[in-house]
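Overview (structure and organization)
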Amino acid sequence: MEHIRMPKVENVRLLDRLSSRKAALGTLYLTATHVIFVENVSETRKETWVLHSQISSIEKQATTATGCPLLIRCKNFQVIQLVIPQERDCHDVYISLIRLARPVKYEELYCFSFNPKLDKEEREQGWKLVDLNEEYNRMGIPNNYWQISDVNRDYGVCDSYPTEVYVPKSATAHIIVGSSKFRSRRRFPALSYYCKDNNASICRSSQPLSGFSARCLEDEQMLQAIRKANPGSDFIYVVDTRPKLNAMANRAAGKGYENEDNYSNIKFQFIGIENIHVMRNSLQKMLEVCELKSPSMSDFLWGLENSGWLKHIKAIMDAGIFIAKVLIEKDWVSFGHKFNHRYGNLDGDPKEISPVIDQFIECVWQLMEQFPCAFEFNERFLIHIQHHIYSCQFGNFLCNSQKERRELKIQERTYSLWAHLWKNHADYLNPLYRSDHSQTQGTLRPQMAPCNFLYKFWSGMYNRFEKGLHPRQSVTDYLMAVKEETQQLEEELEALGERLANLQKSQLNDNKVKRKQQDRSKQLGLSTSDNSLANTPQEYSNDLKSFPSRSPSQGDEDDSALILTQDNLKSSDPDLSANSDQESGVEDLSCRSPSGGSCLPSEDSGKDSDEAVFLAV
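Residues numbered from 1 in each chain as written. Predicted model: local features only at pLDDT ≥ 70, side-chain atom pairs only at ≥ 80, totals over all residues. Heavy atoms only, no water.

1. Focus on empty space enclosed by the protein
Operational definition: Site definitions follow a grid-based scheme: protein atoms alone, a 1 Å grid, a 1.4 Å probe that fits but cannot get out for cavities, and for pockets an open set with protein on both sides within 12 Å along at least five of seven lines, plus lining residues having an atom within 4 Å of a point. Grid points are joined across faces, edges and corners, and a volume is the space filled by probe spheres set on the points. Only DSSP runs of H or I covering at least 4 residues are called helices, and only runs of E covering at least 2 are called strands; the numbering of each starts at the N terminus. Nonpolar residues are Ala, Val, Leu, Ile, Met, Phe, Trp, Tyr, Cys and Pro. Charged residues are Asp, Glu, Lys and Arg, and all others, Gly as well, are polar.
In this model, the largest cavity occupies a volume close to 60 Å³. L14, L28, V35, F37, T48, V50, I72, I80 and L82 are the residues that line the largest cavity. When contributions to the lining of the largest cavity are tallied by element, the ones reaching two or more residues are β3 (34-39), β4 (47-51) and β7 (79-84). Split into classes, the residues belonging to the lining of the largest cavity amount to eight nonpolar, one polar and no charged.

Right, dumping it as structure tokens:
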């Protein structure tokens with residue numbers, strides 16, 4: 001709170017980016033964790049909350065006759081434009097947000113103060129939802145070819161790797177340590193994925209310190225051990241995700257790539273993914289296109305093409321198709337993706353920031369667009385993960401390595417995102433998913449058409465805060481609501497069917513009793529004609545029930561259960577009932593909050609040091 005110069009400013013206007021005439025008047029609050037704007041309209045009192053950790057940049061614009069504009073751009077692609085009446089107040093808010101949005105130590109991040117009211121046991125269970133050992137067991141290891149190694153215990157070999165890694169059984173500790181000394185940041189080849197059906201494997205490592213002519217016997221033995229771990233393979237692919245020109249330039253700095261003359265039975269493959277600086281600039285250009293006011297279709301498409309964003313997405317997809325690995329917790333968190341540097345959690349070098357994981361998440365979405373029935377989760381799941389990577393509300397995506405997270409005792413002091421997502425997992429189900437669909441059987445094989453014809457602009461991610469640019473209800477939300485209502489109607493139909501059966505059974509019993517009475521009356525010589533006159537008013541009124549004096553839709557009290565009234569169709573979900581369309585009964589689910597409740601190439605310029613991937617196929 002000591003960094004807040006102005007905790008409250010009244011008569012602030014929140015502008016609609018597409019229409020300045022729709023400005024909302026309200027009060028701006030600065031807290032230790034959020035910027036909060038509360039509208040003055042007493043009927044709604046709409047609130048806009050923005051986490052300080054989500055703020056990417058703050059721009060104080062030139063003062064106008066109406067006040068001093070303040071433009072806030074967020075990492076989740078939300079853009080907020082405020083107009084503060086007094087320039088001095090605007091300056092105080094600006095200075096406060098500059099400091100609050102750039103914490104200097106991890107303890108200042110929101111996750112260390114966030115408290116979802118869970119006890120210690122519930123927090124521990126949340127962190128146990130993802131077990132990497134179970135993931136490796138699912139893949140069928142350890143086995144005759146791969147084993148777990150403690151060579152990196154206490155992070156003695158590589159401080160950005162986990163303490164336990166899987167390596168070929170034939171790779172001794174001497175070979176592993178020797179290979180690590182020949183690799184950038186000592187990131188030796190370690191298993192990332194294993195296919196038990198054909199023994200194919202994917203390993204990861206950083207670039208070798210080969211320069212123009214250096215070689216390492218232990219590193220060569222390490223790659224041969226990987227090849228031998230698949231008895232059916234005569235060679236392995238060494239995949240370098242950088243453009244070949246970048247890899248060759250790194251040779252001058254003593255790095256580079258594997259020399260095929262020194263490694264037997266390998267095939268080398270360059271992919272061509274640009275470095276973090278190119279990606280950062282490309283995203284910025286695309287966001288500038290997204291912020292254009294009322295662009296023509298040709299201007300938008302030209303700007304999107306000029307940004308090169310979809311071209312980069314295609315390059316990453318091509319690499320993914322070639323090496324096929326996806327798993328956030330194992331390949332990103334455990335193996336030392338530099339979350340702090342790449343996403344600016346703490347104040348640091350802005351040149352290290354790059355949308356690496358944003359591109360990974362978008363690649364998954366592009367796959368979902370090609371294979372809509374293959375994924376059990378929906379678009380909202382991906383958007384919420386992206387949101388919380390930057391929100392720092394949970395501890396999963398902090399620091400640059402497992403070692404740093406353990407030193408900070410992240411699991412003891414913060415909460416896990418996966419527990420939060422699992423608690424609300426019904427919101428993240430894909431209504432099109434079918435376990436028996438052909439898309440869920442075997443391997444996905446994406447199309448390889450040019451990006452202009454295949455890869456799409458993800459408006460649900462980059463324009464999700466722009467109300468005027470896309471429908472407020474996505475197709476997925478619509479299908480989810482329809483699916484829920486269909487299930488409720490099926491349950492209601494089943495209940496009504498049971499009641500109808502009971503009524504028919506009751507009527508059958510009544511007819512049996514009536515026949516017995518008629519038989520008894522015949523024996524006594526009494527008349528049993530249905531056309532006999534009623535002797536009393538009660539008998540006359542009872543006989544009226546046998547005549548269709550009203551339409552079936554009117555019914556009587558006993559038959560009303562057979563009519564599907566509005567009450568019968570109401571959802572058991574109070575939110576769905578309250579927000580349903582009168583005709584379709586479909587909720588506008590898209591209004592729910594996404595939170596659930598910004599040079600020269602350096603050592604890491606290639607692709608976070610993990611340029612090499614080894615495939616034994």
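Having seen the structure, we can now continue with the description.
2. Points about unusual backbone geometry
Heads up, the condition is: We call a residue buried when its accessible area falls under 20% of the maximum for its residue type, exposed when it is over 50%, and partly exposed in between, using a 1.4 Å probe and counting protein chains only.
A cis amide bond, omega 5°, links I141 with the succeeding residue P142. Within the secondary structure, P142 sits in the loop between α3 (132-139) and β8 (146-149). With a phi angle near 60°, D154 is a residue other than glycine that sits in the positive phi range. Looking at the element boundaries, D154 is found in the loop between β8 and β9 (165-168). The class of D154 is exposed, set by a relative accessible area of 69%. A positive phi angle, close to 55°, is found at K409, a residue other than glycine.

3. Let's talk about the side chain of R405
Checked against the element boundaries, R405 lands in helix α14 (residues 402-407). A relative accessible area of 10% means that R405 is categorised as buried.

4. Focus on the confidence of the model for the chain
Applicable threshold: For every residue, the predictor assigns a confidence score, pLDDT, that lies between 0 and 100.
Confidence in the prediction of the chain, expressed as mean pLDDT, is 81, and 80% of residues score 70 or more. Summarising per-element confidence for the chain, the mean pLDDT is lowest in helix α22 (residues 574-578) (36) and highest in helix α4 (residues 173-181) (97).

5. Quick look at a nonpolar patch on the surface
The condition that has to hold: In this scheme, patches are assembled from residues that exceed 30% relative accessible area and form no salt bridge. Like charges are connected within 9 Å, while nonpolar side chains (Val, Leu, Ile, Met, Phe, Trp, Tyr) are connected within 5 Å. In these tables, accessible area is a Shrake-Rupley quantity obtained with a 1.4 Å probe, and a residue counts as shielded only by the protein chains included in the view. Salt bridges are counted wherever a side-chain nitrogen of Lys or Arg sits within 4 Å of a carboxyl oxygen of Asp or Glu.
On the surface, a cluster of nonpolar side chains totalling about 310 Å² of accessible area is made up of L129, V130 and W422. A relative accessible area of 32% places V130 in the partly exposed class.

6. Quick notes on the packing of aromatic side chains
Here the distance between the centres and the angle between the planes together describe a pair of aromatic rings. Heads up, the condition is: Pairing of aromatic rings covers Phe, Tyr and Trp, the last counted by its six-membered ring, and requires centre-to-centre distances within 6.5 Å; plane angles under 30 degrees mean stacked, over 60 mean edge-to-face, and any other angle means tilted. Criterion for a charge above a ring: Lys NZ or Arg CZ within 6 Å of the ring centre, and within 35 degrees of the ring normal.
The final tally for this structure, using the stated rule, is 21 aromatic pairs. With a centroid separation of 4.8 Å and an interplanar angle of 65°, the aromatic rings of F77 and Y462 are classed as edge-to-face. Linking F77 in the loop between β6 (68-74) and β7 with Y462 in helix α18 (residues 459-462), this pair joins segments that are 385 residues apart in sequence. Here F339 and F397 contribute two aromatic rings whose centre-to-centre distance is 5.5 Å and whose plane-to-plane angle is 40°, an arrangement assigned as tilted. With a gap of 58 residues between them, F339 in helix α11 (residues 339-343) and F397 in the loop between α13 (379-391) and α14 connect regions that are remote in the sequence. With respect to class, F339 is no different from F397; both count as buried. In this structure an aromatic cluster arises from ring pairing among F77, F300, W309, F457 and Y462. Geometry around Y257 places R251 over its ring, the cationic atom sitting 4.3 Å from the centre.

7. Points about a negative patch on the surface
Selection criterion: The sign given to each residue is positive for Lys and Arg and negative for Asp and Glu; His and the chain ends receive no count. Throughout, a charge is located at the NZ atom of Lys, the CZ atom of Arg, the CG atom of Asp or the CD atom of Glu.
A cluster of acidic residues, D119, E121, E122, E124 and E412, forms a negative patch at the surface. Broken down by element, the negative patch gets its largest block of residues, three residues, from helix α2 (residues 120-127). Looking at the element boundaries, E121 is found in helix α2. Residue E121 is classed as exposed on the basis of its relative accessible area, which comes to 55%.

8. Some details on the side chain of S206
Within the secondary structure layout, S206 lies in the loop between β11 (200-205) and α5 (217-228). A relative accessible area of 0% places S206 in the buried class.

9. Topic: the pattern of salt bridges
In a structure, side chains of opposite charge can pair up when their charged atoms sit close to one another. Under the definition given, this model contains 17 salt bridges. Close ionic contact of E87 with K60 constitutes a salt bridge, the shortest N to O distance being 2.4 Å. One end of the pair, E87, is in helix α1 (residues 87-100); the other, K60, is in strand β5 (residues 55-60), with 27 residues separating them in the sequence. Overlapping salt bridges, with partners in common, bring together E59, R73 and E291 in one network.

10. So, the packing of helix α7 (residues 276-290) against helix α9 (residues 309-323)
Helix-helix packing: each pair is described by the crossing angle between the helix axes and the interaxial distance. The cut-off we apply is this: Only the stretch in contact is used when fitting a helix axis, every axis being a line fitted to C-alpha atoms; angles between N-to-C directions are given from 0 to 180 degrees. When describing relative orientation, an angle under 35 degrees is termed roughly parallel and one over 145 degrees roughly antiparallel, while 65 to 115 degrees is termed roughly perpendicular and anything else oblique. Whether two residues touch is decided by their heavy atoms; if any such pair falls within 4.5 Å, the residues are in contact.
It is at 9 Å that the axes of α7 and α9 come closest, and there the two elements cross at 135°. By the angle between their directions, the pair α7 and α9 is classed as oblique. Where α7 abuts α9, its residues V278, M279, S282, L283 and M286 lie against W309, H312 and I316. Of the residues in the contact of α7 with α9, the class split is six nonpolar, two polar and no charged.

11. Concerning the nonpolar core
Spelled out, the test is: For our purposes a nonpolar core is just a set of buried Ala, Val, Leu, Ile, Met, Phe, Trp, Tyr and Cys residues, chained together by side-chain atoms within 4.5 Å.
M286, I361, L382, I389, W458 and Y462 are the most contacted members of the largest nonpolar core, which totals 55 residues. The set of elements that each furnish at least two residues to this core consists of α7, α8 (297-307), α9, α11, α12 (356-370), α13, α16 (417-423) and α18. Examining the composition of this core, we find that nine residues originate from one element, α12, more than from any other. Ignoring any residue separated from it by four or fewer positions in sequence, one finds I389 in contact with Y343, N345, I357, I361 and F397. The next biggest cluster of nonpolar side chains, apart from the first, holds 35 residues, and it includes M139, M222, A225 and Y257.

12. Structural notes on α9
Defined as follows: Between the first and last residue of a helix there are one fewer steps than residues, each counted as 1.5 Å, and that sum is the expected span.
Here α9 contains 15 residues, and its C-alpha end-to-end distance of 21 Å stays within 8% of the 21 Å for a straight helix at 1.5 Å per residue. Of all the positions in α9, only W309, L310, H312, I313, K314, A315, I316, M317, A319 and I323 are classed as buried.

13. Considerations on a positive patch on the surface
Together, K512, R515, K516 and R520 make up a region of like positive charge exposed at the surface. You can see R515 is positioned in helix α19 (residues 475-524).

14. Details of the packing of α7 against α8
For the pair α7 and α8, interaxial distance at closest approach is 8 Å and the crossing angle is 170°. The orientation of α7 with respect to α8, classified from their angle, is roughly antiparallel. On the side of α7, the interface is formed by S282, K285, M286 and V289, while α8 contributes F300, G303, L304, N306 and S307. A per-class count over the contact of α7 with α8 returns four nonpolar, four polar and one charged.

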